Amino acid sequence: MLFKPTSKMKTTKVHRIALLFNANKIFDYDVIAGIAAYFGNTRAAWDIFVEEDFRLRLSGIEHWQGDGIIANFDDPAVAKALSRCRVPVVAVGGSYADPANYPAGVPYVATDNIKLIELARQHLIDVGLQRFAMFSVPATEENRWAQERENAFRSLMQGDRLKAEIFRGCETSAHSWDESVQGQIDWLRSLPKPVGIIAVSDARARQLLQACILADIEVPEQVAIIGIDNDPLVRRLARIPLSSVIHGAQEMGRTAAHLMEQMLHGVRPPNTPIVVPPAGINVHASSQYQLIKHPNVMRARHFIRQYACQGIKTEQVAAYVGVSRSSLDANFRQELGCSVHDVILSFKLNAAKAGLESGESVIASSPLGLDLDGF
């Protein structure tokens, strides 16, 4: 029997909601995922509008005939464009120590920049490090979130009466790659070691890992690195598995969507920003510092971290270090209480476990011309 609504029945209004984010960035992607989770769990009567390629474009947004907008306000151009909108707007972005930096009259959901840095630094302290530095990005209006993280790092270091060593490097593009890497290497070599470095993003952390490998600086024995974002793509592009602080970005998305739903039904939004703490740390080899006294063991472990999953054998590790297999095994047993083979196997098992937990499949390849059969 065909169901026909009666004239007395009320139909639910479907609201048209635009999302202004750059989903090629993991933070924006996770916020959108949180919005999608809210949308799916609550069955909100929304039609979602996004660009086909999930990029943020502002042209004509002030004339859009919709019902609401959720947007990333880290870019000041977004705040400026949406200041002329007549529909409800919910802002998402980084937190600020100065309340005056938040947009006036717009409900705001923020990632806690201070807590992100505190969590990263405490992790480096917990693994036994006493020296710390930060790798940031050049200061621009679009990078205000990074400047807030720098300020948080300075405050922590000043509280311990330590110098806040911060290196911003340069913006990276094809014409400046060589210059950028050399600048990072020069900075890394200037730092007292061992040192723990907090990168303001996973992208910056990956660059620093590459610079360490090129400069033959052992990670994490000399330089332990932790990023922020927990970006799985960046992690897969790194030769040494990257530790990272996990944003509460999906929770931010759910919170922003809930605020929008309330506004659509006439509920007045909060006057103060809602600050969401980080969700934790995804710990991998890049920050798992361990005091190693013997230089042969330090160099060997650095090599194993990069190539364990490519089938290296003890002989190849010994050749890299420049000693005999028996000598290197003796060094390992004295320092770590196990053989070189045991450490290779441990790294392979940990990599396989991490791949299974993340749902990633890894196909071994050997750019070094290594034998991939067996260990």
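Preceding this section is the structure that the text describes.
In short, a report on the structure. Along each chain, the written sequence defines residue order, and numbers are assigned to residues from 1. Owing to the predicted nature of the model, reporting of local features is limited to residues with pLDDT of at least 70; listing and counting of side-chain atom pairs is limited to 80 or more, with chain, interface and lining totals taken over all residues. For the side-chain quantities, the full set of heavy atoms in the structure was used; hydrogens and water were omitted.

Notes on unusual backbone geometry
Cis geometry is adopted by the peptide bond preceding P194, which originates at K193 and carries an omega value of 0°. The omega angle of the peptide bond from V219 to P220 is 5°, so this bond is cis rather than trans. The topology assignment puts P220 in the loop between α6 (202-214) and β9 (223-228). Unusually for a residue other than glycine, R43 sits at a positive phi of about 55°. Structurally, R43 can be placed in the loop between α1 (26-42) and β2 (46-49). Since its relative accessible area comes to 73%, R43 is described here as exposed. Positive phi is not limited to glycine here, since R161 has a value of about 60°. Helix and strand definitions here come from DSSP, where helices need a minimum of 4 consecutive H or I residues and strands a minimum of 2 consecutive E residues; each element is numbered from the N-terminal end. For the exposure calls, accessible area comes from a 1.4 Å probe over protein chains only, and a residue counts as buried if that area is under 20% of its type's maximum, exposed if over 50%, partly exposed in between.

As for the sheet that holds β2
What holds strands together in a sheet is hydrogen bonding between their backbones, with the strands either parallel or antiparallel. In short, DSSP must find at least two bridges between two strands for them to pair. Across the sheet, which stays open at both edges, the six strands sit in the order β2-β1-β3-β4-β5-β11 with parallel pairing between neighbours. Among the strands making up the open sheet, the edge pair consists of β2 and β11 (274-276). Along the sheet, successive strands turn relative to each other by an average axial angle of 20°, direction set aside. Where strand β5 (residues 108-111) lies against β11, three bridges are found, and the strand directions are parallel. Each bridged residue has a counterpart across the sheet, and for V109 the counterpart in β11 is I274. For this analysis, residues touch if any pair of their heavy atoms sits within 4.5 Å. The convention used is that axes are lines fitted to C-alpha atoms, helices contributing only their stretch in contact, and that angles between N-to-C directions extend from 0 to 180 degrees. Of the strands in this sheet, β1 (15-20), β2, β3 (68-72), β4 (89-94), β5 and β11 are in contact with helix α8 (residues 249-264), which crosses β4 at around 160°.

Some points on helix α3 (residues 113-126)
By this rule the span expected of a helix is its residue count minus one, scaled by 1.5 Å. Between the first and last C-alpha of α3 there are 20 Å, a value that for 14 residues agrees with the 20 Å anticipated at 1.5 Å per step. Residues N113, L116, I117, A120, R121, H123 and L124 constitute the buried set of α3. One side of α3 holds all its buried residues, which, seen down the axis, span an arc of 155°. Phi turns positive, to about 110°, at G128, one or two residues after α3. What the arc describes is the spread of directions from the helix axis to the C-beta atoms.

Focus: the sheet that holds strand β8 (residues 195-199)
Strand order in this open sheet of six strands is β7-β6-β8-β9-β10-β12, and the pairing throughout is mixed. If you trace the sheet from one side to the other, it starts and ends with β7 (165-167) and β12 (280-282), each paired once. Between one strand axis and the next, the sheet turns through 25° on average, direction left out of account. Strand direction decides the pairing type here: strand β10 (residues 243-246) and β12, joined by three bridges, are antiparallel. Each residue of the ladder has a partner; that of S244, found in β12, is N282.

Thoughts on the packing of aromatic side chains
Only rings of Phe, Tyr and Trp enter the pairing, Trp through its six-membered ring, and a pair is recorded when the two centres are within 6.5 Å. The plane angle decides the type: under 30 degrees is stacked, over 60 is edge-to-face, the rest tilted. For the coordinates displayed, the defined rule picks out eight aromatic pairs. Centroid distance F303 to Y320: 4.5 Å. Interplanar angle 20°. Geometry classified as stacked. Pair noted here: F303 is in helix α9 (residues 295-307) and Y320 is in helix α10 (residues 314-321), with a separation of 17 residues, a long-range link. Ring pairing ties together the aromatic residues Y96, Y102 and Y108, which thus form one cluster. Against the face of F132 rests R121, its NZ or CZ located 5.0 Å from the ring centre. Charges are assigned to positions over rings by a cutoff of 6 Å between ring centre and Lys NZ or Arg CZ, combined with an angular limit of 35 degrees from the ring normal.

Observations concerning the side chain of D28
In this fold, D28 is placed in helix α1. In this view, D28 contacts F21, N22, A23 and N72; residues no more than four positions away in its chain are not counted.

Quick notes on the nonpolar core
Formed by 44 residues in total, the largest nonpolar core has its most connected members in L188, I197, I304 and V317. Not counting chain neighbours up to four residues away, the residues in contact with V317 comprise A300, F303, I304, I312, L328, V340 and I344. We call a set of buried residues a nonpolar core when its members are Ala, Val, Leu, Ile, Met, Phe, Trp, Tyr or Cys and they connect through side-chain atoms within 4.5 Å of each other. Counting 24 residues, the second-largest nonpolar core is a separate cluster that includes L19, F21, F27 and V276.

Quick look at the pattern of salt bridges
Counted as salt bridges are all cases of a side-chain nitrogen of Lys or Arg within 4 Å of a carboxyl oxygen of Asp or Glu. Within the structure shown, the criterion is met by twelve salt bridges. The residue R299 makes a salt bridge to D216 at a minimum N-O spacing of 2.8 Å. Here R299 is found in helix α9, whereas its partner D216 is found in the loop between α6 and β9, with 83 residues between them in sequence. Residue classification places R299 among the partly exposed residues on the basis of a relative accessible area of 23%. The partner of R305 in a salt bridge is E221, with the nearest N and O atoms 3.0 Å apart. Linking R305 in helix α9 with E221 in the loop between α6 and β9, this pair joins segments that are 84 residues apart in sequence. Each of E150, R154 and R168 takes part in a single network of salt bridges with overlapping partners.

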